[in-house]
Amino acid sequence: MNNGKEQILSAQLMFSVGCFIQSSTLLTSFIADVAGNEAWIAVIASYGLSMLLVRMYVKLAKLYPGKSIVQISEAVFGPVLGKILSCFYIWFFFSLAILNTSDVGFFVNNFIMPETPKMAILLMFIFVCAWAVRRGVETIMRYGQLFLIMGFSVVGLFCILLFKDMSFDNLMPVFAMPVMKYVQSIHIVTIIPFCEILAFTMVFPYVKDQEKIGRSLYIGMTLGAIHLLVVVLRDISVLGPVYTHVTAPSFQVTRLINIGNVITRMEFFYEVAVNILIFFKVSVLLFAAVLAVAQTFHIKSYRSLVIPIAVLVICISMAPFISAAESGFWGSNIAPFYSAFFEIILPFFTLIAALIRSMIPEEGEAGLK
Amino acid sequence: MKNRFRRITGVAVAALILVGLTGCWNSRELNTLAIVMGIGFDQANDLEEVEITAQVVKTKGIKGGKNGGGSSQEEAFINFTEIGTGSFDIIREFTHVSSRKLYFTHNQIIVIGENLARSGIRNTLDMLSRNHEARMNVYMLVAKGSAKDVLNLKPELGEVPAMEIAQLMEAQKNTSHTPDTFFYEVTFSLVSKTAAFVIPTVEIGDSAGRKVLIVSGSAVFKTDKMVGELNEKETRGLLWVTDDIGSGIIEIAVQGVTAELEIIRSNCKITPEIGADGSVKIKLKITEESDFGSQTGSVNLLTMENIQRMEEAQAQEIRKEIEMVLEKTRTLNADIFGFGEALHRKYPHQWESMEAEWNEIFKALDVEIEVETKINSIGRIDQPNYPSKE
Amino acid sequence: MQYYESRLKIRGVIMFRENLKKITYWMVKRQLVANDEVIGERPPVQEENLSGNLKENIARIREEMGNSADLVVREFSCGSGRGMPVALVYVDGMANAKILNESAIKPLMFGTGLKNDACRHGKCTLADLKEKLLSIAEVNTLQTLDSLLQGILSGDTALLADESREALMLTSKGFEKRSVTEPLSEAVIRGPREGFTESIRTNTSLLRRKIKNPALTIESMTIGEKTRTAVCFAYIRGVANEELISSIRDRLKAVRTDAVLDSGCLEEYIEDAPFSIFPTLGYTEKPDVAAAKILEGRAAILVDGSPFALTAPLLFIEGFQSAEDYYFRSYYMSLVRVLRYISYIITIFAPALYVAITTFHQELLPTDLLFTMAAAREGIPFPAVEEALIMLITFEILREAGVRLPRPVGQALSIVGALVIGDAAVSAGLIGAPMVIVIAITAVSVFLTPNLANTAAILRLIFLFLAGFMGGYGITIGFIGVLIHLGSLKSFGFPYFAPFAPYRSADMKDAVIRSPLWMLATRPEKMARRDRKRLDFFVPPADGTKNEQGE
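Residues numbered from 1 in each chain as written. Chains lettered and ligands numbered in written order. Predicted model: local features only at pLDDT ≥ 70, side-chain atom pairs only at ≥ 80, totals over all residues. Heavy atoms only, no water.

1. Describing the overall build of chain C
1) Next: If you tally the helices and strands in chain C, you get 16 helices and twelve strands.
2) Next: Taking all 551 residues of chain C together, 48% fall into the buried category.
3) Next: Pairs at least 24 residues apart make up 66% of the contacts formed inside chain C by residues separated by at least 6 positions.
4) Next: Surface summary for chain C: the accessible area is close to 27900 Å², and the carbon and sulfur share equals 59%. (Helix = DSSP H or I, 4+ residues; strand = E, 2+ residues; numbered from the N terminus. Buried < 20%, exposed > 50% of the residue type's maximum accessible area, 1.4 Å probe, protein only. Contact = heavy atoms within 4.5 Å. Areas by Shrake-Rupley, 256 points an atom, 1.4 Å probe, with all protein chains shown as cover.)

Here it is as structure tokens:
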């Protein structure tokens, strides 16, 4: 029985983080365009880099237990500057929610139902996300476990079914590209799937065991990274040279499954899985945005803010870009820098300021000695 | 409370109306679809134009359920033909003659006429790569003659020619004289700079006075134009190298008698090597297992020495087939084996300089073939049906 | 113009005030309910005491009962001689006259054991009578008219004496009740065949026989202004969660209604989510099921007059568990349980999936199947959604009709209805044959999970509409919506979708499969906080096929 305040167990946080990263399997087309057949190297390398970056968030959480990043920036920088930083975070989560929703709209519109107007698709999607957020963060985090297992089983199933189509030779030429491409692809993979975990820093106040936050984040990230690696490897080994050409490699790969003419046309499972996973991601992002607004402006309950923000998300995600080409360009070239500002630079400065703050009385004491 | 009741009623009414909205957007009832089973591309008289033939199933003619009883006289398919310049445009033009919109997701085969194949297929196939209805694991065939005739031929065993051809393709695994090429494999090769590919050929032939479709041999494509053909043995030689052998029969002669061996499985390893002087050598290592099928003559071939002789003869036969196809492709200058790709994988840096001159390098390529064979099971009898010599 | 303007303004102001009032009222109510506050106790009943005059008391009783024809007043003298005037008041048909004759009237009239003097002078008191004369098992002393009437109407007999401000209530319940038979709604192949009856005392006795433990506590109360139904709930002290019990108690006390005729009526007043389509209170007609739930830490609520006991809390997975699961061996029963999940999925999604695939996503069908379906759809006048809707409605009609009709006719109708109507509809070209099969499978597979059958019917319709509207995408969104609803639903404070949503690995042993009983070593988490272990550690039963050396 809860006492009015919702509580999340550390296991739920761990699985939710993994599920969040799983939802990025649609976005592999960005990496594919840049890294080509060597995307898997980029995934492994950026996993290592992200572990270091996530340490930042964990350290912040340890310095200010039970506070979300918005509250931390207010505590560290004072009311005025803190509020300005919080507004940045609000905008960041909001924009991520918009981008992901438009991704879903693009996917459903292009592959499943071409003639349906985007408004209908997005309306239903956001309705369900807003409803989940209104029900509380506990509800969303509970399903992280279930969806993670579902994601793994779907990917595992497809790997088994596609085994005869995989040719590992396609992975082979390694380190044959110019170095800048590697740097760029590692940058993309670090920022887009992995460091968007910043949204979970908004969830920290609700976690029951504050000491286990670090462990949950790391293990969750590892699970998500494994999934991403398996997906990328599978796609490259099946599609080979066409990997860079297709718009949604994971989806095209599932269309190739054909075992004995009986097990065929399995993309239904993939479509359902993608819908569910991105629903999870957008719910978390929406929750982060709504909670950030509530905490910045000291509103008691975030429930009443859900509907206005959801409506705004629908309106803007109808057409965030002028064309699909611009969306691709954004993903490969601009998004890494844009997101890096919010995900890396801001928390970094917050951390430095927090460390300085915590050291100032110590300096006084050390001076006494 | 009254307001809430009104709200719920409003929602219920809206839901009921939704039922009537079943004509909305993407929904199409099954009886408004023209299910396309096969597409044929031909070159029209005017070189710029393409003639597309779409084979549509008439569901009333398919024997299934209750409707099949009396309509066995009706044909189960109908072919629509249109001529035009752009593929997508031509397919939409079909709506002028077909009452239902064509539906491509169940398409089984793509047949390309010989003339069109010789002048390049890349542009015609672009639409099929992009359209989300077209699937990538569709069989591709080159018709000797025109694709329209191939698609028009009424099948003997089945009901729809396209399905018949698809099943024919699946049956080719038993002789391995034809590759089965899927659309996505063709796309792979179209994308790479040096690879060439083969597509099986189909022709209308005569058998006991009836016209039947014969699928055997393959057509060689370089970049996207057809440059030559391979006969059955040459095609099998290719399949030895690309590891696509299903099953098949090898005929050998040992000790004055002929024997037939059934191929069970085979594996080929391609190892490229670049020598110190920059010369390129390809090593092929083939391991194969087979079963003893039949023999003529009275000499018992199932003795230890004879089995060894048979294995050597088998290896010789395989080597011969591969050398046949190597020679043919050298004259055609088409790297259908994927040697270029193998070099690229192993020596990525040297490949960058070799890529531009691959045509010349390929002509003078030194290929070393090593074959290892094994004969496994021997059947139910271990001596030929001759009276035993005392 | 100004006139209209001002009227509009007034209307607007009034509307605004009304809505404001509504909003405030709604918010305050939600606040109260959210804090689990009790919405006030029932106002106390009138406490009218009995007067010392016998005649007056009897007149008042007759008046309160409206001079009902079945109220019997037997006046006589207690003891020989003049004796003390006493009166027995009871309701004909409710009280057992034999007990009265033998154990109340006879000893009182022929007064053995009491000195004749005492009674002659009217000096014996009711207490004396109770202690020395009345050979009845349970005798209570009352002072108020109201409790006296309550007792009479429950079947007891009131003994009034002159010059006494008290009355004695003698238990003599003897109304007709159904005997303990096999429950009609839950048929089992193996397991006890006793079922609850309408009498609450019989039901509690059935429970007690299953759990012969003094820790089994049964608390009772009266609910219903007009019906004054006896309700009691049972739990095991020390195993059940304290908060759960106090929550049930508070909710039952807060029920203010006229009539409680069946446990289903009570259910709607104490359930957690009245607007949810999923039930949050379970019901059962079998005492062994109720006992099993009590042993897990839940509580069972018995209502007088209803053979269905409510169990609180109810989790989603309980819809898939049945009593028989535990009486057969685990291997086959695990299979059956998985089958139940599959059948529930079929019954909810089958019509929707059929409509979605044949209308929106024809690419998902294998080619041969596509031909068959396309051939079957030729000439059908309705779009797929309406076809499915018509068939669903027809099946619901047949189902209801089969239940309501008298038994010999009912059987014939369901069989005839299903076969003939379905076949005739296909021949007439109104419905396609695949649709009939899909709906038939849907209708049949819902019966594996009877507790959730009503929910399934509604969910089926929702998914059907969504599928007709947006195809597979609509179904996915609907599925997510249902998951959200399930995930946030609470039954008496326990998460409804456990052990799936707050993933409890220890409880998964009994969720999808049924592990052998010696593996179920712990009770469901959170329900039995203090006493979680059923067994110390799980020990597989000794394998009788191995001899001493383990060979």
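2. Here we look at the interface of chain B and chain A
1) Next: Taken together, the contact pairs 20 residues of chain B with 27 residues of chain A.
2) Next: For the pair chain B and chain A, the summed buried area comes to about 2100 Å², and 55% of that belongs to carbon and sulfur atoms.
3) Next: Between chain B and chain A we count one salt bridge in total.
4) Next: We note a salt bridge from A:Glu267 to B:Arg135, for which the minimum N-O separation is 3.2 Å. (Buried area = accessible area lost by both parts, 1.4 Å probe. Salt bridge = Lys/Arg side-chain N within 4 Å of Asp/Glu carboxyl O.)

3. Let's talk about unusual backbone geometry
For residues that are not glycine, phi is negative in most cases, and the peptide bond is trans in most cases.
1) Next: A cis geometry characterises the amide bond from C:Ala312 onward to C:Pro313, with omega recorded as -10 degrees.
2) Next: With respect to the helices and strands, C:Pro313 occurs in the loop between strand E10 (309-312) and helix H11 (330-359).
3) Next: One non-glycine residue, A:His298, lies in the positive phi region at around 55 degrees.
4) Next: On the secondary structure map, A:His298 appears in the loop between helix H10 (267-296) and helix H11 (306-317).
5) Next: In the Ramachandran plot, B:Asn333 falls in the positive-phi region, its phi being about 60 degrees despite a non-glycine side chain.
6) Next: With respect to the helices, strands and loops of the structure, B:Asn333 is situated in the loop between helix H9 (304-332) and helix H10 (339-346).
7) Next: Judged by relative accessible area, which is 12%, B:Asn333 ranks as buried.

4. Quick notes on the packing of helix H13 (residues 384-404) of chain C against helix H15 (residues 433-445) of chain C
All names here are of chain C.
1) Next: The interhelical angle for the contact between H13 and H15, taken along N-to-C directions, is 45 degrees, at an axis separation of 10 Å. On the basis of the axis angle, H13 is oblique to H15. Seen along the crossing, H13 lies across H15 with a hand that is right-handed. Contacts from Ala384, Glu387, Ala388, Met391, Leu392 and Phe395 of H13 reach H15 at Met435, Val436, Ile439, Ala440 and Ala443. (Axes fitted to C-alpha atoms, helices over the stretch in contact; angles between N-to-C directions. Parallel < 35°, antiparallel > 145°, perpendicular 65-115°, else oblique. Left-handed = near helix turned anticlockwise from the far one by under 90°.)

5. Some remarks on H11(C)
Residue and element names in this part refer to chain C.
1) Next: Taking 1.5 Å per residue as the helical rise, H11 with its 30 residues ought to reach 44 Å, and the 42 Å between its terminal C-alpha atoms agrees with that figure.
2) Next: If you look at H11, its biggest bend is around 50 degrees, right at phenylalanine 349, and the proline proline 351 turns up within four residues after that.
3) Next: In terms of residue burial, H11 counts as a mostly covered element, since 21 of its 30 residues are buried. (Expected span 1.5 Å × (residues − 1). Bend = angle between axes of the 7 residues up to and from the residue.)

6. Let's talk about the environment of C:Thr476
1) Next: On the secondary structure map, C:Thr476 appears in helix H16 (residues 453-488).
2) Next: A C-alpha to C-alpha distance of 9.2 Å links C:Thr476 and C:Leu466, two positions ten residues apart in sequence.
3) Next: In this structure, C:Thr476 is in contact with A:Val272, A:Asn275 and A:Ile276, ignoring residues within four places of it in sequence.

7. Focus: the pairing of strand E6 (residues 139-143) of chain B
Residues and elements named next belong to chain B.
1) Next: Counting buried positions along E6 yields five of five residues, so the element is predominantly enclosed.
2) Next: Of the two faces of E6, the one lined by Tyr139, Leu141 and Ala143 and the one lined by Met140 and Val142 are each fully buried.
3) Next: Relative to E6, strand E5 (residues 109-113) runs parallel, the two sharing five bridges. Residue valine 111 lies in a different strand from E6, and its bridge partner there is leucine 141. (Pairing = 2+ DSSP bridges.)

8. Re the UniProt feature "transmembrane region" (unreviewed entry) in chain C
All names here are of chain C.
1) Next: Mapped onto this numbering, the UniProt entry annotates "transmembrane region" (unreviewed entry) at residues 338-360, 419-449 and 461-484.
2) Next: Between the C-alpha atoms that bound residues 338-360 the distance is 30 Å, and the span itself is 96% helix and 0% strand.
3) Next: Helix makes up 74% of residues 419-449 and strand 0%, whereas the separation of the span's terminal C-alpha atoms amounts to 24 Å. (UniProt positions renumbered as here; feature names shortened; annotations may be inferred.)

9. Digging into the sheet that holds E10(C)
All names here are of chain C.
1) Next: As summarised here, the arrangement of the five strands in space is E6-E7-E9-E10-E8, forming an open sheet in which the pairing is antiparallel. Looking at strand neighbours, the two that pair on one side only are strand E6 (216-223) and strand E8 (282-284), the edges of this open sheet. For this sheet the average axis-to-axis angle between neighbouring strands, irrespective of direction, equals 25 degrees.
2) Next: Pairing analysis gives three bridges linking E8 to E10, with the strands arranged antiparallel. Pairing of tyrosine 283 across the sheet is with leucine 310, part of E10.

10. A look at the nonpolar core
1) Next: In terms of nonpolar packing, the biggest core is built from 238 residues, with A:Phe93, A:Phe125 and C:Leu266 touching the most fellow members.
2) Next: Of all the elements, H10(A) adds the most residues to this core, at 20 residues.
3) Next: Residues within four places of A:Phe125 in sequence aside, it is in contact with A:Thr101, A:Val104, A:Asn275, A:Ile278, A:Phe279, A:Val282, C:Tyr473 and C:Ile477. (Core = buried A, V, L, I, M, F, W, Y, C linked by side-chain atoms within 4.5 Å.)

11. Considerations on the interface of chain A and chain C
1) Next: Contact residues are listed per partner, giving 30 residues for chain A and 36 residues for chain C.
2) Next: The junction of chain A with chain C conceals about 3100 Å² of combined surface from both sides, 70% of it contributed by carbon and sulfur atoms.
3) Next: Linking chain A with chain C are one salt bridge.
4) Next: Counting across the interface, chain A meets chain C through seven residue pairs in polar contact (both at pLDDT 80 or more).
5) Next: Broken down by secondary-structure element, the contributors of at least two residues to the side of chain A that touches chain C are helix H4 (69-112), helix H5 (118-135), helix H6 (137-161) and H10 of chain A.
6) Next: Sort the elements by how many residues they give to the side of chain A that touches chain C and H5(A) lands first, with eight residues.
7) Next: Class assignment of the residues belonging to the side of chain A that touches chain C gives a composition of 19 nonpolar, six polar and five charged. (Polar contact = N/O pair within 3.5 Å; in protein donor to acceptor, adjacent residues only side chain to side chain. Nonpolar A, V, L, I, M, F, W, Y, C, P; charged D, E, K, R; others polar.)

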